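Architecture and fold: a report
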Amino acid sequence: IVLVWGAIPSEVLNLLAVVYGAMIPYTAMAYDQRSHWDRFARMLPYSDRTVVLGRYSLGWISLSIGAVAVAICQGVLTCLPLPAKLSANLSPGFVFAALCVGCLLLDLNIPLILRYGTEKARWVSKLVIILACASTGALGALVNDAKTAAAAVLSLALTGILALTIIATAVSILLSLKFYRENR
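Computed from a prediction, not measured in an experiment: that's the story for all the values here.

Another point: the overall build of the chain. When helices and strands are tallied, the chain shows seven helices and zero strands. Mapped from its N terminus to its C terminus, the chain presents α and β elements in the order α-α-α-α-α-α-α. When the 184 residues of the chain are sorted by exposure, 40% land in the buried category. For the chain, contacts bridging at least 24 residues in sequence account for 82% of all contacts bridging at least 6. Taken as a whole, the chain presents about 10,300 Å² of accessible surface, with 73% of it coming from carbon and sulfur.

A word on the packing of aromatic side chains. Geometrically, a pair of aromatic rings is defined through the distance of the ring centres and the angle of the planes. Throughout the structure, instances matching the rule amount to two aromatic pairs. Measuring from ring centre to ring centre gives 5.7 Å for Trp-5 and Tyr-20, while their planes differ by 90 degrees; the resulting arrangement is edge-to-face. Highlighted residues: Trp-5 in helix 1 (residues 2–7) and Tyr-20 in the loop between helix 2 (11–19) and helix 3 (24–34), separated in sequence by 15 residues. The partly exposed category is assigned to Tyr-20, whose relative accessible area is 35%.

Counting 32 residues, the largest nonpolar core has Val-52, Tyr-56, Leu-106, Ile-110, Leu-114 and Tyr-180 as its most contacted members. Elements with a contribution of two residues or more to this core: helix 1, helix 2, helix 3, helix 5 (48–79), helix 6 (92–144) and helix 7 (151–182). Residue contributions to this core peak at eleven residues, all from helix 6. The contact partners of Ile-110, leaving out residues within four places of it in the chain, are Pro-25, Met-29, Arg-55, Tyr-56 and Ser-176.

Conventions and cut-offs
- Residues numbered from 1 in each chain as written.
- Predicted model: local features only at pLDDT ≥ 70, side-chain atom pairs only at ≥ 80, totals over all residues.
- Heavy atoms only, no water.
- Helix = DSSP H or I, 4+ residues; strand = E, 2+ residues; numbered from the N terminus.
- Buried < 20%, exposed > 50% of the residue type's maximum accessible area, 1.4 Å probe, protein only.
- Contact = heavy atoms within 4.5 Å.
- Areas by Shrake-Rupley, 256 points an atom, 1.4 Å probe, with all protein chains shown as cover.
- Phe/Tyr/Trp six-rings, centres within 6.5 Å; stacked < 30°, edge-to-face > 60°.
- Core = buried A, V, L, I, M, F, W, Y, C linked by side-chain atoms within 4.5 Å.

Any link to function would need more than the numbers given here.
Rendered as structure tokens:
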């Protein structure tokens, strides 16, 4: 579905193709919780850090696959002689902003799930997803307005998004480790 969404020239669907990767760890963690994987993982020689970082790694890989799929599909569509209506004309900044917002979504969801469980965290996660998609749409509008904005302002905005993502990821990993250890 990520490839289909990535091939359609729509900013909203391209955004969903990238951000959808943040939902994969949520689904995996729901299966883990139902099958009592955490109980079995504690019997294996896995450290708490390895288990938690494995969940983040799954999200990062999924987000990267979505971003690459969108970039390739939209790049191919841009090279084809299609009418302007059939081309989303996405800038790399849009894909980068979507990737950062997907990481922020991941950074919010994993600690919530580890703290409250998948069933209780589902409603908060849905609200977070709506806010993440709305914020990416706003960021995408800023990025696509690059023709009217100064390159320095756009670069500063993307740098700010990246800095926020890095800080949020570091805090999220620490919180996730804390919540994972508390649920023993």
